[in-house]
Structure formats: structure tokens, C-alpha cells
Amino acid sequence: MTELLDEMFTRAIEEMRGLERTAVGPSKGPESARRLLEVYDAQLGSRHLDLAARWLQVHGRGYYTIGSSGHEGNAAVAAALRPTDPALLHYRSGAFFLERARQGGVTTALRDVLLGVVASTEDPISGGRHKVFGSRSLAVIPQTSTIASHLPRAVGVAFSIHRARRLGVPCPWPSDAVTICSFGDASADHSTATGAINAAIQVGYQ
Ligand SMILES: Cc1ncc(C[n+]2csc(CCOP(=O)(O)OP(=O)(O)O)c2C)c(N)n1
């Protein structure tokens, strides 16, 4: 499947060949270049999942086209975290999911997401019931489609990690884990979000 977007992108990159490199900051060497390419790969994967979802819908095979286009920066958020940090994701956090999968050594992430798009019973996280980002081994906790409903849950996860450490009881997450929650700007205006953010501030203060 070749998209016009892909062709234009490839042409633009070709035209950049031979251009003199401009320094944009202190060089961090080939290791940081490799990491940037990995993150970029997750971003490209995310965009292509969106295109594939639309292609599948046009051909009567796909049932979900809500995409992550424009939210590819989420990959950098995943890159800044550890694959054991619990993540409760917005439905537009495809790039986060792909970068987290790479970090966690999961090589089937693209296929797994597409299995959700076609509502396959082989979809490892929902069994075809709903398209959702989730993976137990990658600490990505699947969410419902009720916007902002995952914010109180995220506060609860973060709170319980801290409380488990204090009480000395077992916890599935590392005791210094960071809980990450992504959501849309309109969701931020939901009373559920307001309540969760207020509770997080309150708990943090205590
Ligand atoms: C509680 C609830 N109300 C309404 C909806 C319907 N709904 C689905 S997505 C959406 C818009 C969400 O906007 P935003 O949080 O900015 O996310 P975006 O899709 O723009 O990234 C709404 C109202 C819902 N899923 N849940």
C-alpha cells in the first residue's frame, strides 16, 4: 500500500541528501542517533497504523479508525519511561504503545493493534471485543472508551504503589514506578478528570 503521503515524504527526504548538516546542539554521538531513529520508527509505525485502519475500513474489514495522527510525540514520553511503569493510555497514544513495545522486546505490536482494528478474536488484549491499547507484559493497562474514566484509576495505581511500599505488601509494579496517564484536552474538562487531578494533588501534598 503506497500512500501519496509516503511518496511525498520519501521525495522530501531524498531532496535533503547532500545538504550541509547544521549543528542544532551538542553532539551526543551515534548512540543518541540510534535512539532517535528507534523513537522515530515508533512514530512512523503509529502513522501507518492509522493509514492501515482506514484502508481496512474502505475494504470492509476494519471497524475502528480513530487514529493517533498528530500525537506521535507520545513516543518520546514512552522513551523517557521504563517498560515497567504502568501506563493508562488515551486512544491516540499509538506511538507510546509502539515505543513501549520496542523497549519491552515485543515484536508483534503492529499486528496486535491491527487485530483489534479488525475485531479479531486473536486480539491479545480484548479478544475482539474492542480496539484498545493494552498489554499485561508491557504494563499498559487497557481502558474503556469512557473519556477521563482512566484518570481516577491512574491516581489509584500511583497511590497503591506508594502505599504498598509503605505497608511492605506485594505489588505488581516496582516500588519506584511512575504511573503515566494520557488523555485528550476535552477530557481534561470532564468532572472525572477534575476530581482525579484534585485527588492526585491532595495525595501528593499529604
Ligand atoms: C463520558 C463520555 N462522554 C462522551 C463520550 C463520547 N466521546 C468520545 S471521544 C470524545 C471527545 C474527546 O475529546 P478529547 O478528550 O479532546 O480527545 P480527542 O479525541 O480530541 O483526542 C467524546 C465526547 C465518551 N466516550 N465518554
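Below, the structure is looked at part by part. (Residues numbered from 1 in each chain as written. Predicted model: local features only at pLDDT ≥ 70, side-chain atom pairs only at ≥ 80, totals over all residues. Heavy atoms only, no water.)

1. Remarks on the packing of aromatic side chains
Two numbers describe a pair of aromatic rings. These are the distance of the centres and the angle of the planes.
Here is step 1: Here the structure, examined in full by the defined rule, presents two aromatic pairs.
Here is step 2: With centroids separated by 6.4 Å and ring planes inclined at 40°, the aromatic side chains of phenylalanine 9 and tyrosine 40 adopt a geometry described as tilted. Taken together, the residues span a long stretch of sequence, with phenylalanine 9 in helix H1 (residues 4-16) and tyrosine 40 in helix H2 (residues 29-58) at a distance of 31 residues.
Here is step 3: The exposure class assigned to phenylalanine 9 is partly exposed, which follows from its relative accessible area of 37%.
Here is step 4: By relative accessible area, tyrosine 40 is classed as partly exposed at 32%.
Here is step 5: A cation sits over an aromatic face here: lysine 131 above phenylalanine 133, 3.8 Å from the ring centre. (Phe/Tyr/Trp six-rings, centres within 6.5 Å; stacked < 30°, edge-to-face > 60°. Helix = DSSP H or I, 4+ residues; strand = E, 2+ residues; numbered from the N terminus. Buried < 20%, exposed > 50% of the residue type's maximum accessible area, 1.4 Å probe, protein only. Lys NZ or Arg CZ within 6 Å of the ring centre and 35° of its normal.)

2. Points about the site of the ligand
Here is step 1: Residues in close proximity to the ligand include His90, Tyr91, Arg92, Ser145, Thr146, Ile147, Gly184, Asp185, Ala186, Ser187 and His190, which together make up its full environment.
Here is step 2: Interatomic distance of 2.9 Å between a side-chain N/O atom of histidine 90 and an oxygen atom of the ligand.
Here is step 3: Bound to the protein, the ligand loses 57% of the 580 Å² it would expose on its own.
Here is step 4: Residue composition of the shell around the ligand, by class: three nonpolar, six polar and two charged. (Near = heavy atom within 4 Å. Polar contact = N/O pair within 3.5 Å; in protein donor to acceptor, adjacent residues only side chain to side chain. Areas by Shrake-Rupley, 256 points an atom, 1.4 Å probe, with all protein chains shown as cover. Nonpolar A, V, L, I, M, F, W, Y, C, P; charged D, E, K, R; others polar.)

3. Here's the deal with the environment of serine 46
Here is step 1: Relative to the assigned elements, serine 46 resides in helix H2.
Here is step 2: Residue classification places serine 46 among the buried residues on the basis of a relative accessible area of 2%.
Here is step 3: Between the C-alpha atom of serine 46 and that of isoleucine 147, which follows or precedes it by 101 residues, the distance is 21 Å.
Here is step 4: Those residues within four positions of serine 46 in sequence are excluded, and the remaining contacts are Ser68, Glu72, Gly94, Ala95 and Leu98. (Contact = heavy atoms within 4.5 Å.)

4. Observations regarding unusual backbone geometry
Among all residues save glycine, negative phi is the norm, and among peptide bonds the norm is trans.
Here is step 1: Despite not being glycine, alanine 119 shows a phi value in the positive range, around 55°.
Here is step 2: Note on placement: alanine 119 falls in the loop between helix H5 (109-117) and helix H6 (150-167).
Here is step 3: Residue alanine 119 is classed as partly exposed on the basis of its relative accessible area of 35%.
Here is step 4: Unusually for a residue other than glycine, alanine 148 sits at a positive phi of about 70°.
Here is step 5: Mapped onto the fold, alanine 148 is located in the loop between H5 and H6.
Here is step 6: Residue alanine 148 is classed as buried on the basis of its relative accessible area, which comes to 1%.

5. Considerations on the side chain of aspartate 50
Here is step 1: Relative to the assigned elements, aspartate 50 resides in helix H2.
Here is step 2: Within the structure, the side chain of aspartate 50 is placed 2.9 Å from the backbone nitrogen of serine 68, a separation counted as a polar contact.

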